[in-house]
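Report on the structure
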Amino acid sequence: KKQIKVLCTEWAGTSSPPMQCSFYVVTFTKINIFVKEELRELREQPTDPQAQQEIINSIEEVYFSNDSFDIVKYELEKLPPVLSLQVMEEYRDKLKQQQAAVSKKVADLILEKQPAYVKELERVTSLQTGLQLAAVICTNGRRHLNIAKEGFTQASLGLLANQRKRQLLIGLLKSLRTIKTLQRTDVRLSEMLEEEDYPGAIQLCLECQKAASTFKHYSCISELNSKLQDTLEQIEELLDVALSKICKNFDINHYTKVQQAYRLLGKTQTAMDQLHMHFTQAIHNTVFQVVLGYVELCAGNSDTKFQKLQYKDLCTHITSDSYIPCLADLCKALWEVMLSYYRTMEWHEKHDRDEGTVSSSDGNNVIGAEETNFDRSYVQKKLEHGLSRIWQDVQLKVKTYLLGTDMSNFKYDDFIFVLDIISRLMQVGEEFCGSKSEVLQESIRKQSVNYFKNYHRTRLEELRMFLENETWELCPVKSSFSILQLHEFKFMEQSRSPSVSPSKQPASAISTTITLFEQYCTEGNPFEIQVNSKDDETEDVLASNGYESDEQEKSAYQEYDSDSDVPEELKRDYVDEQTGDAPVKSVSRETLRSRKRSDYNLNKVNAPILTNTTLNVIRLVGKYMQMMNILKPIAFDVIHFMSQLFDYYLYAVYTFFGRNDTFESTGLGLSSSRLRTTLNRIQESLIDLEVSNDTTGTLTAAEERKEKVPSPHLSHLVVLTSGNTLYGLAERVVATESLVFLAEQFEFLQSHLDAVMPAAKKPFLQQFYSQTVSTASELRKPIYWIVAAKAIDYEQMLLLMANVKWDVKEIMSQHNIYVDALLKEFEQFNRRLNEVSKRVRIPLPVSNILWEHCIRLANRTIVEGYANVKKCSNEGRALMQLDFQQFLMKLEKLTDIRPIPDKEFVETYIKAYYLTENDMERWIKEHREYSTKQLTNLVNVCLGSHINKKARQKLLAAIDDIDRPKR
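Residues numbered from 1 in each chain as written. Predicted model: local features only at pLDDT ≥ 70, side-chain atom pairs only at ≥ 80, totals over all residues. Heavy atoms only, no water.

Thoughts on the overall build of the protein
The condition that has to hold: The secondary structure listing takes helices from DSSP runs of H or I that are at least 4 residues long and strands from runs of E that are at least 2 residues long, numbered from the N terminus. Three exposure classes are used, based on accessible area relative to the maximum for each residue type with a 1.4 Å probe and protein chains only: buried under 20%, partly exposed in between, and exposed over 50%. In this analysis, two residues are considered to be in contact whenever any of their non-hydrogen atoms come within 4.5 Å of each other.
When helices and strands are counted, the protein shows 39 helices and two strands. Out of the 967 residues belonging to the protein, those deemed buried represent 42%. Nonlocal contacts in the protein, meaning residues at least 24 apart in sequence, comprise 79% of its contacts between residues at least 6 apart.

Looking at helix H15 (residues 412-433)
Counted only if it meets this: The length a helix should cover is 1.5 Å for every residue beyond the first.
With 22 residues, H15 should cover 32 Å at 1.5 Å per step; its first-to-last C-alpha distance of 31 Å lies within 8% of that length. Among the 22 residues that make up H15, 16 are buried, leaving the element largely enclosed by the rest of the structure. Two residues or fewer past H15, Gly 434 is found with a positive phi of approximately 75°.

Concerning empty space enclosed by the protein
Heads up, the rule is: Think of a 1 Å grid over the protein atoms and nothing else: a 1.4 Å probe that fits but is trapped marks a cavity, an open set flanked by protein within 12 Å on at least five of seven lines marks a pocket, and residues with an atom within 4 Å of a point count as lining. Grid points are joined across faces, edges and corners, and a volume is the space filled by probe spheres set on the points.
For the coordinates displayed, the defined rule picks out four cavities of 30 Å³ or more. Lining the largest cavity, in full, are Gln 259, Arg 263, Thr 268, Trp 347, His 348, His 351, Asp 352, Glu 355, Thr 372, Asp 375, Arg 376 and Val 379. Contributing elements (two or more residues each) for the lining of the largest cavity: helix H10 (252-265), helix H13 (320-361) and helix H14 (366-403). When residues of the lining of the largest cavity are assigned to their parent elements, the largest contribution, five residues, is made by H13.

Overview of a negative patch on the surface
Stated precisely, the cut-off is as follows: Candidate patch residues must exceed 30% relative accessible area and have no salt bridge, after which like charges are joined if within 9 Å and Val, Leu, Ile, Met, Phe, Trp or Tyr side chains if within 5 Å. Per-residue and other accessible areas were derived by the Shrake-Rupley procedure at a 1.4 Å probe size, with only the shown protein chains allowed to occlude residues. Definition used for salt bridges: Asp or Glu carboxyl oxygen within 4 Å of a side-chain nitrogen of Lys or Arg. Under the counting rule used here, the positive set is Lys and Arg, the negative set is Asp and Glu, and His together with the chain ends is not counted. By convention, the point assigned to a charge is CZ for Arg, NZ for Lys, CD for Glu and CG for Asp.
A cluster of acidic residues, Glu 346, Glu 349, Glu 384 and Glu 518, forms a negative patch at the surface. With respect to the helices and strands, Glu 384 occurs in helix H14.

A word on the packing of aromatic side chains
In plain terms, the rule: The criterion for an aromatic pair is that two Phe, Tyr or Trp rings (for Trp, the six-membered ring) have centres within 6.5 Å, with stacked assigned to planes under 30 degrees apart, edge-to-face to planes over 60 apart and tilted to the rest. We call a charge positioned above a ring when the Lys NZ or Arg CZ atom is no farther than 6 Å from the ring centre and deviates by at most 35 degrees from the ring normal.
Under the criterion given, the structure shown has 38 aromatic pairs. Centroid distance Phe 250 to Tyr 255: 5.4 Å. Interplanar angle 50°. Geometry classified as tilted. Put simply, the rings of Phe 279, Trp 335, Tyr 341, Tyr 342, Phe 432, Phe 517 and Tyr 520 touch in pairs and so form one group of aromatic residues. Lying across the ring of Phe 636, Lys 761 places its NZ or CZ 4.5 Å from the centre. The ring of Phe 905 is capped by Arg 860, whose NZ or CZ atom sits 4.4 Å from the centre of that ring.

Here we look at the environment of Ile 897
Note that Ile 897 resides in the loop between helix H35 (874-894) and helix H36 (903-911). On the basis of relative accessible area, Ile 897 is assigned to the buried category, the value being 11%. The residues contacting Ile 897, other than those within four sequence positions of it, are Asn 848, Trp 851 and Glu 852.

A few points about the packing of helix H32 (residues 794-802) against helix H34 (residues 844-867)
What counts is decided by this rule: Axis lines are fitted to C-alpha atoms, over the contacting stretch for helices. Their N-to-C directions set the angle, which ranges from 0 to 180 degrees. Here the angle decides the label: under 35 degrees means roughly parallel, over 145 means roughly antiparallel, 65 to 115 means roughly perpendicular, and every other value means oblique. Left-handed is the label given to a crossing in which the near helix is rotated counterclockwise from the far helix by less than a right angle, and right-handed is the label when the rotation is clockwise. Residue classes follow a fixed rule: Ala, Val, Leu, Ile, Met, Phe, Trp, Tyr, Cys and Pro count as nonpolar, while Asp, Glu, Lys and Arg count as charged, and any other residue, Gly among them, counts as polar.
Two numbers describe how H32 lies on H34: the axes approach to 9 Å, and their chain directions differ by 30°. Overall, the two elements H32 and H34 adopt an arrangement that is roughly parallel. The hand of the H32/H34 crossing is right-handed. Together, Tyr 794, Met 797, Leu 798 and Met 801 of H32 and Cys 854, Leu 857, Ala 858, Thr 861, Ile 862, Glu 864, Gly 865 and Tyr 866 of H34 make up the contact between the two elements. Among the residues forming the contact of H32 with H34, the class breakdown is nine nonpolar, two polar and one charged.

A look at the nonpolar core
Here is the rule we go by: Nonpolar cores are built from buried Ala, Val, Leu, Ile, Met, Phe, Trp, Tyr and Cys residues. Side-chain atoms within 4.5 Å join them into one set.
Residues Phe 826 and Phe 887 are the most contacted members of the largest nonpolar core, which totals 228 residues. Setting aside chain neighbours within four positions, we find Phe 826 in contact with Ile 792, Trp 851, Cys 854, Ile 855, Ala 858, Phe 887, Leu 891 and Leu 894. If you look at the next biggest cluster of nonpolar residues, it comprises five residues, including Ile 56, Ile 59, Tyr 63 and Ala 101.

Notes on unusual backbone geometry
Cis geometry marks the peptide bond from Arg 898 to Pro 899; its omega dihedral reads -5°. Looking at the element boundaries, Pro 899 is found in the loop between H35 and H36. Of note in this structure, Leu 726 is not a glycine but carries a positive phi near 55°. Residue position: Leu 726 is located in the loop between strand S2 (709-710) and helix H29 (729-756). According to the relative accessible area criterion, Leu 726 is buried, its value standing at 0%. Of note in this structure, Asp 902 is not a glycine but carries a positive phi near 60°. Positionally, Asp 902 belongs in the loop between H35 and H36. Of the residues examined, Asp 902 reaches a relative accessible area of 13% and is grouped as buried.

Thoughts on the packing of helix H31 (residues 780-791) against H34
In contact at an axis separation of 9 Å, H31 and H34 are set at 55° when each is read in the N-to-C sense. The angle between H31 and H34 places the two elements in the oblique class. By crossing handedness, the relation of H31 to H34 is classed as right-handed. Mapping the contact onto sequence places Arg 780, Lys 781, Tyr 784, Trp 785, Val 787, Ala 788 and Ala 789 in H31 and Pro 845, Val 846, Ile 849, Leu 850, His 853, Cys 854, Arg 856 and Leu 857 in H34. In the contact of H31 with H34, the residues fall into eleven nonpolar, one polar and three charged.

As for the pattern of salt bridges
This structure, assessed with the given rule, holds 30 salt bridges. Its salt-bridge partner being Arg 856, residue Glu 852 comes within 2.7 Å of it at the nearest N-O pair. Residue Glu 852 and its partner Arg 856 are both found in helix H34; the two are separated by four residues, about one turn of the helix. Across the pair Asp 902 and Arg 860 runs a salt bridge, and its minimum N-O distance is 3.0 Å. Here Asp 902, found in the loop between H35 and H36, pairs with Arg 860, found in helix H34; they are 42 residues apart in sequence, far enough to count as distant.

Considerations on a nonpolar patch on the surface
A surface patch of nonpolar side chains, amounting to about 260 Å² of accessible area, comprises Leu 169, Leu 172 and Leu 176. Tracing the backbone through its elements, the reader meets Leu 172 in helix H6 (residues 114-183).

Here we look at the confidence of the model for the protein
Rules: Values of pLDDT, which run from 0 to 100, indicate the predictor's confidence residue by residue.
Mean pLDDT over the protein: 79, with 78% of residues reaching 70 or higher. Every residue in residues 496-512 scores below 50 in pLDDT, and together they form 24 contacts with partners more than four places removed in sequence or on other chains. In this model, residues 692-696 is a region of pLDDT below 50 whose contacts with residues beyond four sequence positions or in other chains number two contacts.

Describing the state of the cysteines
Working definition of a disulfide: a covalent bond connecting the sulfur atoms of two cysteines. Note the following rule: Note on disulfides: each one is a pair of cysteine sulfur atoms within 2.5 Å.
Overall, the coordinates contain zero disulfides when judged by the stated rule. A disulfide-free cysteine, Cys 315 has its sulfur positioned 7.5 Å from the sulfur of Cys 326, the nearest such atom.

Remarks on the environment of His 385
Considering the arrangement of structural elements, one finds His 385 in helix H14. Taking the relative accessible area as the measure of exposure, His 385 reaches 58% and is therefore exposed. Along the sequence, His 385 and Cys 433 sit 48 residues apart, while their C-alpha atoms lie 9.5 Å from each other.

Here it is in C-alpha cells:
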C-alpha cells in the first residue's frame with residue numbers, strides 16, 4: 001500500500017504531459033508486477049471474505065490517515081515495559097494477518113478493474129505516440145521560427161523599435177532641457193530684478209509657471225512650481241518697494257516699468273491703492289526724519305530717545321536757531337513728495353491719452369477694452385481724490401510743526417521768512433489741488449496775530465522813544481527818493497516784475513505766469529533759501545550833505561513841491577531860470593519876483609522833507625505790508641496797526657508843535673472839526689493819559705491800557721522859544737512836512753492796501769484815509785499859526801495905534817508911523833525866514849501859510865486897534881484907509897499872496913462907520929465875524945455924528961442878541 005502511494009506521488013510530481021504519459025506507463029507496469037507477487041502470496045492464505053473483512057476492520061484508524069508517520073516507531077512505542085517473546089510473536093502474527101488481508105483486498109480490487117486497466121493502458125500508449133509526434137512538429141516549428149527571426153524580424157522590427165525609442169528619447173531630452181532651464185530661471189530672474197526689469201521678470205516667471213504646468217507629471221517640477229510661486233510673491237514685494245521709491249523721486253522710466261509689471265499681474269487697482277498708502281507713509285517718514293535730524297543735531301549727542309517720540313512731541317524740541325532751516329528743509333522734502341504725485345498724475349494722463357488713441361484704432365477686443373476703461377476710470381478717480389488727501393496730510397504735518405514752537409521772540413526778518421515759506425506752501429497747495437489751505441491759514445494766522453501784537457507794541461514803544469529823542473533835523477535824501485527804493489518795499493517792485501519768483505508775486509500776477517509745478521518740474525525747488533539781497537545791496541537814497549550834483553541843483557529851480565492844497569495854476573506859475581522861457585499862462589513880473597522869494601532857498605535840492613523817525617515809520621510800514629502781502633488773512637489787523645503808527649506820529653507832531661489853547665480860542669477855525677475829531681479819537685483809543693503805576697483799574701481797563709501808548713514828550717534839545725529861529729520854525733517845518741510826506745506815502749499805498757483788505761473791513765480803511773490821512777496837511781495851520789503869532793510884535797503895534805489921534809479935522813496925506821513899524825516887522829520876519837530856509841527848505845505851501853497867518857493876524861490887529869479908538873472923525877476914517885492902503889502897497893512887494901488875506905475884513909470895518917442906522921443894524925447882523933467889542937466900539941464912535949442915543953441903544957441890543965448864543 002505504501003509503495004502504491006509513493007508511486008502515485010511521484011507521478012503527480014511530473015511536469016510535462018509527455019513525461020506524465022511515460023511515467024504513467026512505467027507506474028502501471030510496476031503496479032502490475034506488485035499485484036502478481038501479492039496474488040501469489042494470497043493464494044497460499046485462506047480466502048474467507050468475512051474473516052478478511054473483520055481483519056481489515058481490526059486495523060487501527062491511524063494506518064488509514066493521510067498523514068505520513070513512522071510505523072516502526074509507532075509500533076515500538078506500543079511495546080510494554082517488560083517484553084514477552086510469546087506476546088511479541090502473537091502480535092507479529094496479527095500484524096501479518098492484517099497485512100495479508102489488506103493485500104488480498106487490494107489484489108481483488110485490482111483484478112476486478114483489470115479490463116478497464118488494460119483499456120486505459122492502451123489509450124495511454126496511443127497518447128504517448130501522439131505526443132512524441134507533436135514534440136517532433138514543435139521542434140521543427142521552433143527551428144523554422146528561429147530562422148525567420150534571424151533573417152527578417154530582428155533586423156527590420158528592431159530598426160522600428162529603435163526609431164521609436166529614439167523619438168521618445170528626443171522628447172525626453174527636450175523635456176529635460178526645459179526642466180534644466182526652469183531650474184536655472186531663478187538666476188536670470190535675480191539678474192532681471194537687479195536691473196529693475198520688473199515686467200520682463202514677471203513675464204518670464206509667468207511663462208515658467210505655464211511651462212511647469214506642462215511638466216507637472218515630473219516629481220521635480222512640483223517643487224519648482226512652488227518655488228516659482230514664491231519668486232512671484234517676492235517680485236511683488238520688490239515691486240511694492242520700487243513703487244514706494246516713486247514717492248520721493250519720480251522717474252518716468254522706472255514708473256513705466258512698475259506700472260507694466262502690475263498690469264501683467266492684473267493688479268492695476270491694487271497698485272494704485274498701494275501707491276497712495278506709500279505717499280501717506282512717505283509724508284510721515286519724511287517730516288519725521290527731517291525734524292529728527294535737526295533735533296539730534298541740536299542735542300549734540302547720540303541719544304536715541306528722540307527716535308521714540310511722536311512727531312508732535314519731536315517738534316517741541318526744535319530750537320529757535322534751527323527753526324527756519326528745518327522748516328525750509330521740511331517744505332523742500334514735502335515739495336518733492338507732492339511733485340512726485342503731480343508727475344505721477346501727468347504720467348497717467350499722457351498714458352491714458354495714448355491708450356485711448358490705440359484703442360480707438362483697434363476695437364476688436366471689446367471685453368478687454370471695457371476692463372481697461374474701468375481700470376483707467378478707477379485710477380483717475382483715485383488720483384483725483386488723493387490730491388486733497390495728500391495736501392491735507394501735508395497741512396497737518398506743517399501745522400504741527402508751526403504750533404510746536406513759540407515764535408513770539410523771533411526776529412522780524414526771521415518771522416517774515418517763515419511767512420514767506422508758508423505763503424509759498426499755500427500757493428503750492430492751491431496749484432496742487434485748488435485748496436485754500438484753511439488749516440495752514442488758521443495756524444499761521446494765530447501765530448502771526450500773537451507775534452504781530454507783541455511786535456507792534458514794541459514798535460510803538462520804540463516810536464515813542466524815537467519821537468522823544470528826535471531833534472527834528474532834516475534827513476538828507478535825494479530828490480528822486482521813493483519808498484520803493486527802500487528794502488522793505490522791494491516786494492512791491494518784485495510783484496510787478498515778471499522775472500521774480502512766483503512766491504513773491506500777488507495772486508493777480510500768478511494767473512498770467514507759469515505755475516510752480518511747471519517751473520520746478522525738472523529741477524530746482526521753490527523752497528530753496530535764497531541769499532537776501534539786502535546783504536549785498538545798499539540803499540541809494542541819501543544825498544551828500546543834503547545836496548546832489550550840479551545838474552540836479554540847476555533843475556531844482558524847475559521843481560516845486562506838489563501839494564493838494566496848492567491850486568493847479570500856482571503850481572505852473574514860475575519861470576524856468578535855465579532857459580528864461582515864460583510859462584504859457586501870463587503872469588506879472590511882480591508875481592515872478594515874489595515867487596522866487598516864496599519857495600525859499602531854491603539852490604537846495606527840492607528833496608522830500610523827512611526825519612530819521614519818519615524814515616523809520618516808513619520802513620515799519622513796509623515791514624507791515626510785507627507781512628500783510630504774504631499772509632492776507634491778517635490784512636485787517638496789520639492795516640489797523642499801520643494806522644496806529646500814523647495816528648501816533650500825527651498826534652506827536654500836533655502835541656509838540658500845534659497844541660496851544662490860547663490860539664485855539666481865537667475862533668479863527670485854525671483846527672477843522674475833522675482834525676479835532678481825529679485828534680480826540682487818537683487820544684481816546686491810543687494814548688494812555690493815566691499814571692502808569694495806577695493799579696486800581698479793572699482787568700479790562702488794564703488790558704485796554706496795555707494796547708495804549710503814553711503821550712510823547714518833546715525833546716529838551718528842541719528850542720521853540722527863540723525869536724531868532726522864528727520859534728523853532730525849522731523844526732516845525734521838518735516835523736509838519738515830514739508828516740505831510742508820510743501822508744502822501746500812505747496815499748500812494750492806498751490801492752495796495754485796498755486790494756488786500758477784506759470787503760467787510762474796507763469801510764475802516766476808507767474812514768482812515770478820509771478822516772485821518774487827509775487831515776495831515778491841516779496841521780499846518782495851527783502849527784504855523786503859533787510862529788506867525790509870535791514872529792511879529794502885534795502888541796507893540798496896538799500901543800502905537802493907541803497913540804494916534806483919529807479925530808482930526810482935515811484929510812491927512814501922510815500915513816502913521818505904526819504902518820512903518822508893522823512893515824519893518826514883516827521885513828524882519830522875511831529876513832528870519834530866509835535865515836531859516838538856509839537850514840531847511842521851506843516849501844511854497846508853508847511859506848504861503850506863514851505869510852497868510854502873519855497878514856491875517858496883522859489885519860485883525862489893525863481892526864482891533866481901530867476898535868480901541870474912542871473918538872474918530874470922518875477925516876480919521878480916511879486916515880485909517882490911507883494907513884491900510886499904504887500897508888497893502890508895501891506888503892504886496894514882500895509877498896506874492898493874492899488876494900491879501902482879510903483885506904475885506906479891515907476895509908469893511910472902516911467903511912461901516914459911514915452907514916446909516918438901518919444899514920448898520922443890517923450890517924451888524926450880517927457880519928458876525930467881528931467881536932462884540934469891535935461892534936460896540938463902532939456904534940459908540942458913530943454916536944453923535946449920525947447916530948443918536950436911541951439908535952445907539954437899538955444897535956447895542958442887536959449886538960447883545962448876536963452875542964448871547966456865543967455866551
